[in-house]
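Understanding the architecture of this molecule
Residues per chain are reported as follows:
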Amino acid sequence: MSKQNKYHVDEKGMYGQFGGAYIPEMLYPNIENLKAVYKDIIGSDAFQDEYKSLLKDYVGRPSPLYLAKRLSEKYQTNVYLKREDLNHTGAHKINNTVGQILIAKHMGKQRIIAETGAGQHGVATATACALMGLQCVVYMGEVDIERQAPNVARMKMLGAEVVAATSGSRTLKDATNEALRDWICNPEDTFYLIGSVVGPHPYPDMVAQLQAVISEEIKLQIAEKTNKDYPDYVIACVGGGSNAAGSFYHFLDDERVQLVAVEASGMGVDSGETAATIAKGDKGLIHGSLTFLMQSNDGQITEPYSISAGLDYPGIGPQHAHLFDTGRAQFLSATDKEALDAALQLTQLEGIIPALESSHALAALDKMSFKKDDSVVITLSGRGDKDMATYMKRFGF
Amino acid sequence: MNRLQQLFSDKKDICSVYYTAGFPQGNDTVTVLKALEDGGADLVEIGMPFSDPLADGPTIQASSEQALDNGMSIKILFEQLKDVRKNVQIPIVLMGYFNPVFKFGVEKFIAKCQYLGIDGLIIPDLPFDEYRDKYQGLFESAGIANIFLITPQTSNERIQLIDEHSKGFIYVVSSASVTGAKKDVEQSQIDYFNRVNSLGLSTPTLIGFGIGDRSTFKTACEHASGAIIGSAFVKLLSENGADAERIKQFIQGVKTK
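Here the structure is a predicted model, which is why all the values come from computation and not from measurement. Note on numbering: residues in each chain are counted from 1, in written sequence order. Here every chain gets a letter starting at A, and every ligand a number starting at 1, in the order they are written. At least 70 in pLDDT is required for a residue's local features to be given in this predicted model, at least 80 for side-chain atom pairs to be given and counted, and no such filter applies to totals for whole chains, interfaces and linings, which use all residues. Side-chain numbers here rest on the full set of heavy atoms in the structure, without hydrogens or water.

Turning next to the interface of chain B and chain A. Note: interface size is frequently given as the accessible area lost on complex formation between the parts. The contact definition used throughout considers only heavy atoms, calling two residues in contact when any of these lie within 4.5 Å. Taken together, the contacts link 35 residues of chain B with 34 residues of chain A. Two parts lose some accessible area (1.4 Å probe) when they are put together, and adding that loss for both gives the buried area. Across the interface of chain B and chain A, roughly 2,800 Å² is buried in total on both sides, 55% from carbon and sulfur atoms. Any Lys or Arg side-chain nitrogen found within 4 Å of a carboxyl oxygen on Asp or Glu counts as a salt bridge. Joining chain B to chain A, the criterion identifies three salt bridges. Note that B:D52 and A:K173 form a salt bridge whose closest N and O atoms lie 3.2 Å from each other. Going along the chain from the N terminus, every DSSP run of H or I of four or more residues is numbered as a helix, and every run of E of two or more is numbered as a strand. Among the elements of the structure, helix 3 (58-69), helix 6 (98-104), helix 8 (128-141), strand 6 (149-150) and helix 9 (156-164) of chain B are those that each provide at least two residues to the side of chain B that touches chain A.

Glancing now at empty space enclosed by the protein. Residue and element names in this part refer to chain A. The pocket and cavity definitions rest on a 1 Å grid over protein atoms only: a 1.4 Å probe that fits but cannot leave marks a cavity, an open set with protein on both sides within 12 Å along at least five of seven lines marks a pocket, and residues lining either have an atom within 4 Å of a point. Grid points are joined across faces, edges and corners, and a volume is the space filled by probe spheres set on the points. In this structure the tally under the stated criterion is six cavities of 30 Å³ or more. Residue lining of the largest cavity: 31 residues in total, with H92, K93, S196, G310 and L311 positioned closest to the centre. Every element with two or more residues in the lining of the largest cavity is listed here: strand 5 (111-116), helix 5 (120-132), helix 8 (172-185) and helix 11 (242-248). Under the scheme applied, nonpolar residues are Ala, Val, Leu, Ile, Met, Phe, Trp, Tyr, Cys and Pro; charged residues are Asp, Glu, Lys and Arg; polar residues are all the others, including Gly. A class-by-class count of the residues in the lining of the largest cavity yields 10 nonpolar, 17 polar and four charged. Formed jointly, the lining of the largest cavity draws a minimum of three residues from each of two domains, domain 1 (23-55 + 93-198) and domain 2 (60-90 + 208-395). Computed from the structure, the second largest cavity encloses a volume of approximately 130 Å³. Elements with a minimum of two residues in the lining of the second largest cavity: helix 8 and strand 11 (282-286). Residue ranges assigned to each domain were obtained from an automatic or database domain assignment.

The subject of this paragraph is the pattern of salt bridges. Residues and elements named next belong to chain A. Under the counting rule described, the total for this entry stands at 37 salt bridges over all chains. Residue K6 pairs with E255 through a salt bridge whose shortest N-O separation is 3.7 Å. Of this pair, K6 sits in the segment before strand 1 (14-15) while E255 is found in the loop between helix 11 and strand 10 (258-266), placing the two residues 249 residues apart along the sequence. Burial status follows relative accessibility: with a 1.4 Å probe on protein chains alone, a residue under 20% of its type maximum counts as buried, one over 50% as exposed, and anything between as partly exposed. Residue K6 is classed as partly exposed on the basis of its relative accessible area, which comes to 33%. Exposure remark for E255: the relative accessible area of 44% places this residue in the partly exposed category. Linked by salt bridges that have partners in common, R61, K82, E84 and E217 make up one network.

This paragraph deals with the pairing of strand 12 (residues 289-293) of chain A. All names here are of chain A. The buried fraction of strand 12 amounts to five of the five residues, a majority that puts the element mostly inside the structure. Note on pairing: DSSP must find at least two bridges between two strands before they are called paired. Where strand 11 and strand 12 come together, five bridges link them in antiparallel fashion. Paired with L285 across the strands is L290, a residue of strand 12. What sits between the antiparallel neighbours strand 11 and strand 12 is a turn of two residues, in which H287 has the positive phi angle 50 degrees.

The next thing to look at is the environment of A:T335. Residues and elements named next belong to chain A. Along the polypeptide, T335 turns up in strand 13 (residues 329-335). A residue is classified by how much of its surface remains accessible, and T335, at 18% relative accessible area, is buried. In this structure the C-alpha to C-alpha distance between T335 and E216, which are 119 residues apart in sequence, comes to 30 Å. Contacts of T335, omitting those with residues within four sequence positions, involve S265, G266, G268 and H360.

Turning to the packing of aromatic side chains, a few remarks are in order. For any pair of aromatic rings, the description consists of the separation of the ring centres together with the inter-plane angle of the planes. To pair, rings of Phe, Tyr and Trp, with the six-membered ring standing in for Trp, must have centres within 6.5 Å; the planes then decide the type, stacked if under 30 degrees apart, edge-to-face if over 60, and tilted in the middle. In total, this model carries 24 aromatic pairs over all chains according to the counting rule given. Ring geometry for B:Y131 against B:F139: centres 5.1 Å apart, planes inclined by 90 degrees, an arrangement best described as edge-to-face. Just as B:Y131 is buried, B:F139 falls in that class too. Here the guanidinium or amino end of B:K108 rests over the ring plane of B:F104, the centre of that ring lying 4.4 Å away. Over the face of the ring belonging to A:Y28 we find B:R158, whose NZ or CZ atom lies 3.3 Å from the ring centre. Ring-over charges, as used throughout, are those where CZ of Arg or NZ of Lys falls within 6 Å of the ring centre and within 35 degrees of the ring normal.

Residue A:R61 is joined to A:P62 through a cis peptide bond whose omega torsion reads 0 degrees. For A:P62, the position within the fold is in the loop between helix 2 (45-59) and strand 3 (65-67). Between A:H201 and the following residue, A:P202, the backbone shows a cis peptide bond with an omega angle of 15 degrees. Among the structural elements, A:P202 can be located in the loop between strand 8 (190-192) and helix 9 (203-211). Its identity as a non-glycine residue notwithstanding, A:H287 has a phi of 50 degrees, on the positive side. Tracing the backbone shows A:H287 in the loop between strand 11 and strand 12. Residue classification places A:H287 among the buried residues on the basis of a relative accessible area of 7%. Phi is positive for B:F209, which is not a glycine, with a value near 80 degrees. Here B:F209 lies in the loop between strand 8 (205-208) and helix 11 (214-221).

Right, let's talk about helix 7 (residues 106-116) of chain B for a bit. Structurally, the α-helix is built with 3.6 residues per turn, so residues lying three or four positions apart point the same way. Residue and element names in this part refer to chain B. Those residues of helix 7 not exposed but buried are V106, F109, I110, C113 and L116. Across the axial projection of helix 7, the buried residues extend over an arc of 130 degrees, all falling on one side. Across from the buried face of helix 7, at angles greater than 90 degrees, the exposed residues are E107, K108 and Y115. Residues of helix 7 that are buried make contact with helix 4 (74-80), helix 5 (84-87), strand 3 (92-95), helix 6, strand 4 (120-122) and helix 8. After helix 7 finishes, the residue G117 shows a positive phi value of roughly 90 degrees. Directions from the helix axis toward the C-beta atoms define the arc.

The next thing to look at is the domain arrangement of chain A. Residues and elements named next belong to chain A. Here the domain parsing of chain A yields domain 1 (23-55 + 93-198) and domain 2 (60-90 + 208-395). Taking only C-alpha atoms into account, the centre of domain 1 sits 23 Å from that of domain 2. Contact with domain 1, which involves 32 residues of that partner, is made by 30 residues of domain 2. Summed over both partners, the interface of domain 1 with domain 2 comes to about 2,400 Å²; 60% of that surface belongs to carbon and sulfur atoms. Ranking the residues of domain 1 by area buried against domain 2 places N95, K173 and V197 at the top, with a combined share of 26%. Where domain 1 packs against domain 2, one counts zero salt bridges. Here a polar contact means two N or O atoms within 3.5 Å. Within protein one must be a hydrogen donor candidate and the other an acceptor candidate, and residues neighboring in sequence count only if both atoms are side-chain atoms. Between the two partners, domain 1 and domain 2, sit 12 residue pairs in polar contact (both at pLDDT 80 or more). When residues of the side of domain 1 that touches domain 2 are traced back to their parent elements, those giving at least two are helix 1 (28-43), helix 2, helix 4 (93-106), helix 5 and helix 8. If one sorts the elements of the side of domain 1 that touches domain 2 by residue count, helix 4 sits on top with seven residues. Class assignment of the residues belonging to the side of domain 1 that touches domain 2 gives a composition of 15 nonpolar, 13 polar and four charged.

Turning our eyes to something else, we now look at the sheet that holds strand 5 of chain A. Residue and element names in this part refer to chain A. With parallel pairing, the four strands of this open sheet are ordered in space as 7-6-5-8. Of all the strands in the sheet, just strand 7 (161-165) and strand 8 have a single pairing partner and so form its edges. Strand-to-strand twist of the sheet, defined as the mean angle between neighbouring strand axes without regard to direction, takes the value 25 degrees. With five bridges connecting them, strand 6 (residues 135-141) and strand 7 associate as parallel partners. The residue bridging G141 from the neighbouring strand is A165, located in strand 7. Here an axis means a line fitted to C-alpha atoms, over the contact stretch when the element is a helix, while the angle between two N-to-C directions is reported on a 0 to 180 degree scale. Along the sheet, helix 8 contacts strand 5, strand 6, strand 7 and strand 8; its crossing angle with strand 5, the most-contacted strand, is approximately 160 degrees.

Here you go:
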């Protein structure tokens, strides 16, 4: 393995011992087809021109890298926030959906399917489909549909059909199963637009490439703002891990940059009510990928818990499993309470209400120690509007 | 000659039946198996329930969920099957998703299958390359056939490659669908069966998915060594329980020409 390729996907779709495409034969032609074309499409001028122009004029990129002065003072270091929360639709998810929708168009697909947990990826997919005039079907667990009514309404307003996943635990993993079943039944005209760096190869790599704009911008912005062209730390939250994958991407081979991933430990790592896959899971297969996952002794996939709907996935992207395995990234976890405290602190020190997911990354500040001249980049993956009901309940506003 | 080879060399119009272990009651596994053999099934596929059966439709999903609620696990299944070869002579294939097998330990799993007299495995999400590169030697030295799926979208080249590495039989998935999609056999499917047959494969084929009654079974048998019935039988179990007489009637109903 060349040094260049140490942390990226290899030609077999593996990240070290993780990744691959553990899919039934029914999905094989679809996956092979996508594998054969995605790199060329992403590398083509036509794609790049259209993608970059949409990121700029539609999504609103580049997103600012903001030096959070009062937060920095508190932690006696230099904290920069990568403001993905300022993107159109309020999170980093749109970077990926705009990119994949262009790939789908290049492949001549007419119908887009997606899974969603809290609804953020569903909304970002429905948005991209509305923009391109493509049919959109979003699978969402029945339980999540009840919990996330405003996002269901947004998707419907954007013209998407929202289909309830009624099997299993009726949450994100089951919505993903339903989307895969749809793809099995509609192999010709349908493109499956996965929302995170999970699923069979080439999805983890494709989604990481489409989120890599986050670290591409950080690299340029940190050089403008500091006397170094790299940050000392990049911190991001991980569920499946797409914002972390994008935040790390251009720093993977630069070992001067310490990469920190923060999982959601829910009620506590050992409480049994957790989504800390690296801390509590072990090796296995989920949604076509060999990675870490939370499972019973008998290999049944278990339902995770976190206050943050975007982080309660029982697996984690295979690249993250590899970054953990090789020690390239440090994995921390934050509880519901720590994330809530971090959300309130950011809001009152900086006037920014963060998403609950991003608040887990912010909570890492209390778990680490920094030097005074370090530059610490935290990816603020989304804004907190969608979490106001939780904040109101927890803080009593 | 092992049991699977014997079956395919002796018989035509093979009736293979799938059911989920530990369903409808946790201790029904062997009862159903015995009733199937007595009722005239030629081959059985025992499903190992999984929390996330992504190639299965609602009927088999529900049976898996019920079986897991009944406390079913691979360990318990092996316990239930410990004396199976004292009572049951027809070939037995275990079918299930890769994660529980991976978690159990593939080598340990194969050794246990060999010990119990299991003849083959169907693991839909174990990819062909992975099997060939990592597990083929292990399966073959234990005399366990790994049974691959092919679909209408599988290319001729790939079908031939799969044939070269197959033992037992090849599972011909009848249409682009998950299990339990019930419909009549269409001309495009007949064309696909003919395409598969024109390749002169060395491994016998069984057609599955959407086969649930006498008419679809008969059509499938015209184009393969036999057919596999899954959801329709699981539905019978969910409605009537592990009733040996009903099971016999069902099998005879499907097989009668």
